[in-house]
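Summary of structural features
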Amino acid sequence: MAGETVITFTGNVVADPELRFTPSGAPVANFRVANTPRTFQRDTNEWKDGDPVFLSVSVWRQQAENVAESIKRGDRVIIVGRLTQRQYEKDGERRSSYEIQADEVAPSLRNASAAVTKNSQNGAQNGQQYRQQGQSQGYGQQAAQQPYGDPWTNGQSAAGQWGSAVNEPPF
């Protein structure tokens, strides 16, 4: 990926992610994040807010569905992805907007805790279930466990689970 600008951005989600589907059925989630830098002024012994930075974020495929289920407005997140610039005209003026094509989206654990729930191996079925039920779980909320034979989530021992001499997972 030569020539791409890779960025790690930490900020607060401005609005709930919007999950849409392309005509071919690929899920995409879009949302905006904001970060306001703060600096300490030694002469006045106070914190001063800088200008806020707002960035649009887009996430694709299974991760888009996971983001839509897990992240909500006000959550602090960490995003790793590629920074892109879009140019457009509005009222005869040429303008620019910046967007992150996210590779990773995660909750920040600075001031919160998160319970991680692993998706089943059939991610499409999990996403379809989300669309049908319309459920939204914040990342601090406990989601219902789906039994799918993963030894790390159902409490079973991994010894002999996969039937090989070295107990390698089946993937």
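Residues numbered from 1 in each chain as written. Predicted model: local features only at pLDDT ≥ 70, side-chain atom pairs only at ≥ 80, totals over all residues. Heavy atoms only, no water.

Worth spelling out the cut-off: UniProt positions are given in the numbering used here, feature names are shortened, and annotations may be inferred rather than shown by experiment.
The name recorded for the chain in an unreviewed UniProt entry is Single-stranded DNA-binding protein, from Streptomyces bluensis. In UniProt, the chain has this text filed under Subunit (unreviewed entry): "Homotetramer."

A short note on the pairing of strand β4 (residues 38–41)
Quick reminder of the rule: In this scheme, strands are said to pair when DSSP sees at least two bridges between them. Each helix is a run of DSSP H or I of at least 4 residues and each strand a run of E of at least 2, with the numbering of both proceeding from the N terminus.
Where β4 and strand β5 (residues 46–49) come together, 4 bridges link them in antiparallel fashion. By the bridge assignment for β5, Phe40 is matched with Trp47. Between β4 and the antiparallel strand that follows it, β5, lie 4 residues; Asn45 among them carries a positive phi value of about 60°.

A few points about the pattern of salt bridges
Filter applied, for reference: Salt bridges, as used here, are contacts in which a Lys or Arg side-chain nitrogen is within 4 Å of a carboxyl oxygen on Asp or Glu. Residue burial is assigned from relative accessible area. The probe radius is 1.4 Å, only protein chains are included, and a residue is buried under 20% of its type maximum, exposed over 50%, and partly exposed in between.
If you walk through the whole model with that rule in mind, you get 6 salt bridges. The closest approach of N and O atoms between Glu4 and Arg82, which form a salt bridge, is 3.8 Å. Within this pair, whereas Glu4 is found in the segment before β1 (5–13), its partner Arg82 is found in strand β7 (residues 76–90), the two being separated by 78 residues in sequence. A salt bridge links Arg82 to Asp103, with the nearest nitrogen and oxygen atoms 2.5 Å apart. Of the two residues, Arg82 is situated in strand β7 and Asp103 in strand β8 (residues 93–107); the sequence distance between them amounts to 21 residues. Judged by its relative accessible area of 35%, Asp103 is partly exposed. Among the charged side chains, a salt-bridge network with shared partners connects Glu4, Arg82 and Asp103.

A few points about the nonpolar core
We apply this condition: Joining through side-chain atoms within 4.5 Å is the link that ties buried Ala, Val, Leu, Ile, Met, Phe, Trp, Tyr and Cys residues into a set, and such a set is a nonpolar core. Contact between two residues is taken to exist if any of their heavy atoms lie within 4.5 Å; hydrogens are not considered.
In this structure, Phe31, Val33, Val57, Val59, Ile79, Ile100 and Val105 are the most contacted members of the largest nonpolar core, which totals 17 residues. Every element with two or more residues in this core is listed here: β1, β3 (27–35), β6 (53–60), α1 (61–70), β7 and β8. Leave out the neighbours within four places in its chain, and Ile100 touches Ile7, Phe9, Leu55, Ser56, Val57, Ser58, Ile79, Gly81, Arg82 and Leu83.

Quick notes on the confidence of the model for the chain
Rule in force here: Confidence of the predictor in every single residue is expressed as pLDDT, which spans 0 to 100.
Per-residue confidence for the chain gives a mean pLDDT of 77; residues scoring 70 or more make up 70%. Across residues 129–171, where pLDDT falls below 50, the model places 55 contacts with residues more than four positions away in sequence or in other chains.

Digging into the side chain of Gln101
Formally: Think of a polar contact as two N or O atoms within 3.5 Å of one another; within protein, one of them needs to be a possible hydrogen donor and the other a possible acceptor, and neighboring residues in sequence only count if both atoms come from side chains.
Tracing the backbone shows Gln101 in strand β8. Look at Gln101 and you get buried, because its relative accessible area is 19%. One polar contact links Gln101 to Ser58, side chain to side chain, over a distance of 3.0 Å. In terms of polar contacts, Gln101 uses its side chain to reach the side chain of Glu99, at 2.5 Å. Aside from chain neighbours lying at most four places away, what touches Gln101 is Ser58, Trp60, Gly81, Arg82 and Thr84.

Here we look at the packing of aromatic side chains
Test applied: In this analysis, rings of Phe, Tyr and Trp, with Trp reduced to its six-membered ring, are considered paired at centre separations within 6.5 Å, and the interplanar angle assigns stacked below 30 degrees, edge-to-face beyond 60, and tilted for intermediate values.
Applying the stated rule across the entire model yields 1 aromatic pair. With centroids separated by 5.3 Å and ring planes inclined at 65°, the aromatic side chains of Phe40 and Trp47 adopt a geometry described as edge-to-face. By relative accessible area, which is 52% here, Trp47 ends up exposed.

Structural notes on the environment of Phe9
Inspection of the secondary structure assignment puts Phe9 in strand β1. Along the chain, Phe9 and Ile79 lie 70 residues apart, while their C-alpha atoms are 5.2 Å from each other. If we ignore the near neighbours within four places in the chain, the residues touching Phe9 are Val33, Asn35, Val53, Leu55, Val77, Ile78, Ile79 and Ile100.

A look at the environment of Val59
Its place among the elements puts Val59 in strand β6. Assessed through its relative accessible area of 0%, Val59 is described here as buried. Sequence separation of Val59 and Gly81 is 22 residues, and the distance between their C-alpha atoms is 9.5 Å. Look past the residues within four positions of Val59 in its chain and what remains in contact with it is Pro27, Val28, Ala29, Phe31, Ala64, Val67, Ala102 and Val105.

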